[in-house]
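A structural walkthrough
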Amino acid sequence: MKTIFSIIIFTSLVFQTQKIYSQNAEVRNFKHSIGIQYNHGAESLNSFFFGSDFIHINVFALRYAYSITPSIKIGPEISVVLTKVFNNDGSQNQNIFNSRYGIFGRYSLTYFNVFRPIVEGSVYYSHNNSWSDIHMQGYHEFRSGELGVYIAPGASIYLFKNRVSLDLMYKISNIENFNYKHGIISFKLNYNFDISKKH
């Protein structure tokens, strides 16, 4: 109930900000953007909020975007997921290092100043390194790679005269994510800027 109430309050504040912003501020669309992500990952909502004794996940991501038009962006992105799996006695028995390298494209509705619906698509290469040390089986190392695609509907929230933006998306991919599902919630915090030209 508290979560639903928080979402309602947050949504109301966003639309109130949107109304004030559209009346009092001139919209500026920047050509360049750097986006970052870092968060603790989890294979389920329960372990996300309360933690897990058996699996620890950390997610890192970095991207650059260039605006072809105010509505269309393209650019490269890289993400890394570090996973550690533990035994019942607390000893570590597996390390998984997943890295993804790709290019993405995005379309956004710029009619709204603060809250903008978006849809993204990406083609990427996913590489896995896995090391395990299992009792009675010994040490094993495994490597694999495959080509992936994802599509991600969502929304961007623009703040500080469009200088900062927060992307919230639901990614649907042909490759399983660290939550062992093809769909996952994702976010990016972006800094938007222009490069001044010297004459």
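Structural data are supplied above this passage.
Residues numbered from 1 in each chain as written. Predicted model: local features only at pLDDT ≥ 70, side-chain atom pairs only at ≥ 80, totals over all residues. Heavy atoms only, no water.

What about the overall build of the protein chain?
- The secondary structure content of the protein chain amounts to two helices and eight strands.
- Listed N to C, the secondary structure of the protein chain is α-β-α-β-β-β-β-β-β-β in terms of helices and strands.
- The 199 residues of the protein chain split such that 36% are buried.
- In the protein chain, 57% of the contacts between residues at least 6 apart in sequence involve partners at least 24 apart. (Helix = DSSP H or I, 4+ residues; strand = E, 2+ residues; numbered from the N terminus. Buried < 20%, exposed > 50% of the residue type's maximum accessible area, 1.4 Å probe, protein only. Contact = heavy atoms within 4.5 Å.)

Side note on the packing of aromatic side chains
- Overall, the coordinates contain three aromatic pairs when judged by the stated rule.
- Each ring, one from Tyr 38 and one from Phe 60, has its centre 5.0 Å from the other, and the planes form 40°; the classification is tilted. Here Tyr 38, found in strand 1 (residues 32-41), pairs with Phe 60, found in strand 2 (residues 55-67); they are 22 residues apart in sequence, far enough to count as distant.
- Residue Phe 60 is classed as partly exposed on the basis of its relative accessible area of 34%. (Phe/Tyr/Trp six-rings, centres within 6.5 Å; stacked < 30°, edge-to-face > 60°.)

Quick word on unusual backbone geometry
- Phi is positive for Phe 160, close to 55°, though the residue is something other than glycine.
- Positionally, Phe 160 belongs in the loop between strand 6 (138-159) and strand 7 (164-173).

So, the pattern of salt bridges
- Across all of its chains, the model carries five salt bridges by this definition.
- Residues Glu 120 and Arg 63 are paired through a salt bridge, measuring 2.7 Å at the closest nitrogen-oxygen approach. Of this pair, Glu 120 sits in strand 5 (residues 115-134) while Arg 63 sits in strand 2, and the two are 57 residues apart along the sequence.
- Glu 120 is the partner of Arg 106 in a salt bridge, and the nearest nitrogen-oxygen pair spans 2.7 Å. Taken together, the positions of Arg 106 in strand 4 (residues 92-108) and Glu 120 in strand 5 put the pair 14 residues apart, joining distant regions of the chain. Comparing Arg 106 with Glu 120, the two get one shared label, buried.
- Members of the salt-bridge network, linked through shared partners, are Arg 63, Glu 77, Arg 106, Glu 120 and Asp 167. (Salt bridge = Lys/Arg side-chain N within 4 Å of Asp/Glu carboxyl O.)

Let's talk about the side chain of Ser 99
- Residue position: Ser 99 is located in strand 4.
- Given a relative accessible area of 1%, Ser 99 falls into the buried group.
- Of note is the side chain of Ser 99, whose polar atom sits 3.1 Å from the side chain of Tyr 101.
- The residues touching Ser 99, leaving out its near neighbours within four places in the chain, are Ser 79, Val 80, Tyr 125, Ser 126 and His 127. (Polar contact = N/O pair within 3.5 Å; in protein donor to acceptor, adjacent residues only side chain to side chain.)

Overview of the nonpolar core
- Within the largest apolar cluster, eight residues are counted, these being Ala 65, Phe 104, Ile 118, Tyr 124, Tyr 150, Ala 152, Met 169 and Ile 175.
- For this core, the secondary structure elements donating two or more residues are strand 5 and strand 6.
- With residues up to four places along the chain from it excluded, the contact list for Tyr 150 reads Arg 63, Glu 77, Phe 104, Glu 120, Gly 121, Ser 122, Tyr 124, Lys 171, Ile 172 and Ser 173.
- Listed in part, the seven residues of the second largest apolar core include Ile 57, Val 59, Val 85 and Ile 184. (Core = buried A, V, L, I, M, F, W, Y, C linked by side-chain atoms within 4.5 Å.)

Points about the environment of Asn 87
- Tracing the backbone shows Asn 87 in the loop between strand 3 (72-86) and strand 4.
- Note: C-alpha distance between Asn 87 and Phe 54 (33 residues apart in sequence) is 6.5 Å.

Overview of the environment of Phe 30
- As for its position among the elements, Phe 30 is in the loop between helix 1 (2-24) and strand 1.
- Excluding residues within four positions of it along the chain, Phe 30 makes contact with Ser 67, Lys 161, Asn 162, Arg 163, Asn 192, Phe 193 and Asp 194.

Examining the pairing of strand 3
- Here strand 2 runs beside strand 3; their pairing, made up of 11 bridges, is antiparallel. Residue Ala 61 lies in a different strand from strand 3, and its bridge partner there is Ser 79.
- Between the antiparallel neighbours strand 2 and strand 3 lie four residues. (Pairing = 2+ DSSP bridges.)

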